[in-house]
Amino acid sequence: MFQDSPIYDRLIAECGDVPTQVRREAERVSRELELVMRPYQSPGYDRPQAPGQGWQRTAMLPAPRQP
């Protein structure tokens, strides 16, 4: 990517190859996320709902006042 770039080479020497490290970490996290999410992707799997996330009654507006 940066074959003949002395500035980039010096940055790598001083700080390490940060883009490569970030790419590897992102790939690792992506693999872990895929493993964790696999049960949710299978057909017929009902995801557990957190309390308050299902059916909820909505408030009704008050009826107009009668004179």
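Keep in mind the model is a prediction, meaning the values are calculated, not measured.

A. Highlighting the pattern of salt bridges. Applying the stated criterion to the full structure yields three salt bridges. Between Arg-28 and Glu-25 there is a salt bridge; the shortest N-O distance is 2.3 Å. Taken together, the positions of Arg-28 and Glu-25, both in helix H2 (residues 18-41) and three residues apart, correspond to about one turn of that helix. Residue classification places Arg-28 among the partly exposed residues on the basis of a relative accessible area of 32%. On the basis of relative accessible area, Glu-25 is assigned to the partly exposed category, the value being 39%. The partner of Glu-34 in a salt bridge is Arg-38, and the shortest N-O contact between them spans 3.6 Å. Linking Glu-34 with Arg-38, this pair stays in helix H2, spanning four residues, or about one helical turn.

B. Helix H1 (residues 6-15), seen in detail. Counting buried positions along H1 gives zero out of 10 residues, so the element sits mostly on the surface. Following H1 by one or two positions, Gly-16 has its phi on the positive side, about 90 degrees.

Conventions used here
Residues numbered from 1 in each chain as written. Predicted model: local features only at pLDDT ≥ 70, side-chain atom pairs only at ≥ 80, totals over all residues. Heavy atoms only, no water. Salt bridge = Lys/Arg side-chain N within 4 Å of Asp/Glu carboxyl O. Helix = DSSP H or I, 4+ residues; strand = E, 2+ residues; numbered from the N terminus. Buried < 20%, exposed > 50% of the residue type's maximum accessible area, 1.4 Å probe, protein only.

Fair warning: the whole summary comes from geometry, so function is off the table for now.
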